[in-house]
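Summary of the model geometry
The primary structure of each chain is shown beneath.
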Amino acid sequence: MSEFEFSSGDYREPQITIHSDTREILANARRDIDRYKLHDYFIVDADSHHVELDSWSEILEYIEDPVLRRSGKSMAEIWPNAKNLALSNHPPGLTMQDVGGRIPHQAQLAERVESVAGEPRDLTLVRRAMESMGIAMQIVFPQPMLEIGLHPNPDIENQLIWAYNRWFTERILAQEPRVKSMLALPFNSPEGCLKTIREFGEKPGVVGFLITSQRQAPLFKNEYMPVYRELEERGLPFGFHAGPDYSVGKQMNRFLSVHAMSFVTCNMVHLTNWIINGLPERFPKLKTVWIESGLAWLPFMMQRLDHEYLMRQSEAPLLKRLPSEYMQEMFYTSQPMEATNMKLLESTMEAIHAETQLLYASDWPHWDFDVPGKIAGLPFLSETAKRNILGENARRVFRL
Amino acid sequence: MKHLIAKSGDIAEGGRIVRDVAATTVGVFRVAGQLYAYENTCPHQGGPVCQGLLIPRVEEKLNAARGAEGFRFDETDPRLVCPWHGFEFSLTTGCHPGSAEIRLTAFEVTEEGGMVYVGV
Ligand code: FES
């Protein structure tokens with residue numbers, strides 16, 4: 001027999017399941033911290049998620065309308081399986097995200113969490129993920145609530161957004177200064193949006209507001225102008241958080257197709273409306289942040305809108321520059337960063353002025369999340385660009 | 001260097017062990033009587049690929065008119081699916097089915113005298 005060494009290395013869990021600890025699932029991300037010296041960077045994760053449905057019974061208590069609150073609690077209590085869903089519009093397609101059980105962390109993080117002084121367990125899970133990826137600050141969003149713009153009842157939508165915002169600011173943001181959020185606006189009610197900004201705009205951890213992009217919202221309507229002005233005056237960025245919509249699935253038969261398209265098309269519509277109606281000219285100091293649509297759509301939009309604008313300038317008279325030039329002043333979160341063609345990715349980053357406009361985002365714990373090493377390992381970025389994208393741009397945009 | 005990583009009995013048919021060896025982590029699998037060893041680092045973003053689901057390849061059957069007749073499992077082609085984002089690798093070749101360039105790092109694995117060794 002030839003010479004050999006006895007291995008004394010640790011045994012790892014043979015298989016990662018929904019019960020695995022976040023720190024075990026992300027153990028390989030921890031190795032990137034040394035490899036890329038990530039502790040030398042200030043890393044801000046501009047888009048990550050917690051599971052609000054795990055705390056749904058608490059959130060229902062925050063509904064202000066007593067009749068609706070009673071209905072929600074009753075529904076949660078007596079309907080089978082409604083405990084974590086009452087009044088919500090959880091879309092059935094969302095349960096297809098884990099590719100039939102192949103990506104367990106997308107389905108749930110059912111790991112053991114010791115209760116810490118009555119904190120929601122989500123806070124522990126968020127801290128575990130941050131620690132594993134070397135993240136200093138994380139901007140955290142809900143999950144199914146990001147589909148709330150498709151709720152069939154606008155009054156329930158408004159009540160749920162208000163309840164969730166109250167719960168989140170009190171139970172999560174007030175407890176952990178490293179966790180931040182852009183809160184959703186009840187966009188079907190401009191007055192409700194103003195009330196939301198005024199109530200929550202100065203709460204600890206609130207760094208901006210957003211609309212959940214899956215909705216039929218003509219954001220150019222005059223009723224919304226006071227909302228944009230309020231955000232601009234307060235220096236709060238305005239986000240557009242993408243999501244899936246299975247209604248495009250009427251023409252599509254695979255979740256892959258629905259996800260690939262609908263996470264982008266929703267923001268394509270809003271971005272087109274935003275620019276062509278001259279909103280960047282009307283609110284020049286209002287920063288917009290386009291969240292979770294990836295990057296590959298941006299050079300398409302730049303070329304497409306410039307091309308059409310040059311021939312039909314009379315339909316967009318408020319513009320003083322090319323659409324792509326306005327886009328170069330907007331902000332974008334990086335995930336899911338399409339990186340199958342490095343040349344195209346490099347050109348995209350150049351086109352959008354990534355060095356000053358791009359914000360690293362993990363989207364953890366979703367199935368297509370990106371670790372910080374994905375930015376740190378890009379061969380064509382300068383050291384300054386990496387530093388900016390990983391955190392300094394976010395520090396500036398969100399005044400962290 | 002050759003490392004004694006496990007006793008043969010530790011890796012049953014259809015089973016695996018995942019263990020730190022030298023400066024890395026290795027997964028050793030026994031499928032259809034054959035041992036396979038790969039580094040537990042996915043070529044995509046470095047995820048723990050050897051800790052993923054083992055599941056047969058999914059194939060789509062077409063009929064004579066090239067119409068789709070649905071999905072089924074091909075039990076002859078076991079796939080290892082990285083739990084981070086779902087990249088899928090043929091266990092026998094270590095390659096991603098969509099691109100042979102996207103492949104796992106394989107290690108030599110031998111079994112002698114009731115012991116399993118990997119060359120790392
Ligand atoms: S790291 Fe393995 S699929 Fe992404």
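This structure is a prediction, so every number in the text was calculated from the model and none was measured. (Residues numbered from 1 in each chain as written. Chains lettered and ligands numbered in written order. Predicted model: local features only at pLDDT ≥ 70, side-chain atom pairs only at ≥ 80, totals over all residues. Heavy atoms only, no water.)

**Some points on the sheet that holds strand 1 (residues 5–6) of chain A**
Defined as follows: Should DSSP find at least two bridges between two strands, the strands are taken to pair. Segments assigned H or I by DSSP are reported as helices when at least four residues long, segments assigned E as strands when at least two residues long, and all are numbered from the N terminus.
Pairing is mixed across the open sheet formed by seven strands, whose spatial order is 1(A)-1(B)-11(B)-10(B)-4(B)-3(B)-2(B). Edge positions in the open sheet fall to strand 1 of chain A together with strand 2 (16–21) of chain B, since each of these has one partner strand only. The sheet contact formed by strand 1 of chain A and strand 1 (residues 2–7) of chain B spans two bridges and is parallel. Residue pairing for strand 1 of chain B: Phe 6 of chain A is matched across the bridge by Leu 4 of chain B.

**Examining the pattern of salt bridges**
Residues and elements named next belong to chain B. Applied cut-off: By salt bridge we mean one thing: a side-chain nitrogen of Lys or Arg within 4 Å of a carboxyl oxygen of Asp or Glu. Using a 1.4 Å probe on the protein chains alone, a residue whose accessible area is under 20% of its type maximum counts as buried, one over 50% counts as exposed, and one in between counts as partly exposed.
Going through the model one piece at a time under the given rule, you end up with 36 salt bridges over all chains. A salt bridge links Asp 77 to Arg 57, with the shortest nitrogen-to-oxygen separation between them at 3.9 Å. Here Arg 57 lies in strand 5 (residues 53–62) and Asp 77 lies in strand 6 (residues 68–81), a separation of 20 residues in the sequence. Residue Asp 77 is classed as buried on the basis of its relative accessible area, which comes to 15%.

**Some thoughts on the interface of chain B and chain A**
Put simply, the rule is: In this analysis, two residues are considered to be in contact whenever any of their non-hydrogen atoms come within 4.5 Å of each other. Buried area: the accessible area, evaluated with a 1.4 Å probe, that two parts lose upon being put together, summed over both parts.
The interface is formed by 36 residues belonging to chain B together with 34 residues belonging to chain A. Summing both partners gives a buried area of about 3,000 Å² for chain B against chain A, and 48% of it is carried by carbon and sulfur. By the criterion of area lost to chain A, the three top residues of chain B are Arg 19, Gln 51 and Trp 84 of chain B, representing 24% of everything that side buries. On inspection of chain B and its partner chain A, the count reaches three salt bridges. In this structure, Arg 12 of chain A engages Asp 20 of chain B in a salt bridge whose closest nitrogen and oxygen atoms are separated by 3.3 Å. Elements represented by at least two residues in the side of chain B that touches chain A include exactly strand 1, strand 2, strand 5 and strand 6 of chain B.

**Describing the pairing of strand 6 of chain B**
Residue and element names in this part refer to chain B. Where strand 5 meets strand 6, nine bridges bridge the pair, whose relative direction is antiparallel. Residue pairing for strand 6: Leu 53 is matched across the bridge by Val 81. Linkage of strand 5 to strand 6, two consecutive antiparallel strands, is achieved through a turn of five residues, within which Arg 66 is found at a positive phi near 70 degrees. Between the antiparallel neighbours strand 6 and strand 7 (residues 88–90) lie six residues, among them Gly 86 with a positive phi of about 90 degrees.

**So, the side chain of Ser 48 of chain A**
Residues and elements named next belong to chain A. Position of Ser 48 among the secondary structure elements: in strand 2 (residues 44–49). Ser 48 sits in the buried class, given a relative accessible area of 1%. If we ignore the near neighbours within four places in the chain, the residues touching Ser 48 are Gln 138, Ile 139, Val 140, Phe 141, Ser 362, Asp 363 and Trp 364.

**Considering the nonpolar core**
What counts here: By nonpolar core we mean a set of buried residues, namely Ala, Val, Leu, Ile, Met, Phe, Trp, Tyr and Cys, connected to one another through side-chain atoms within 4.5 Å.
Counting 132 residues, the largest nonpolar core has Tyr 228, Phe 238 and Met 349 of chain A as the members making the most contacts within it. Of all the elements, helix 7 (residues 154–173) of chain A adds the most residues to this core, at 10 residues. Once you skip the residues sitting within four places of it in the chain, Met 349 of chain A turns out to touch Leu 295, Met 337, Ala 354, Leu 358, Leu 378, Phe 380, Leu 381 and Ile 389 of chain A. The next biggest cluster of nonpolar side chains, apart from the first, holds 13 residues, and it includes Ile 5, Ile 17, Val 21 and Val 116 of chain B.

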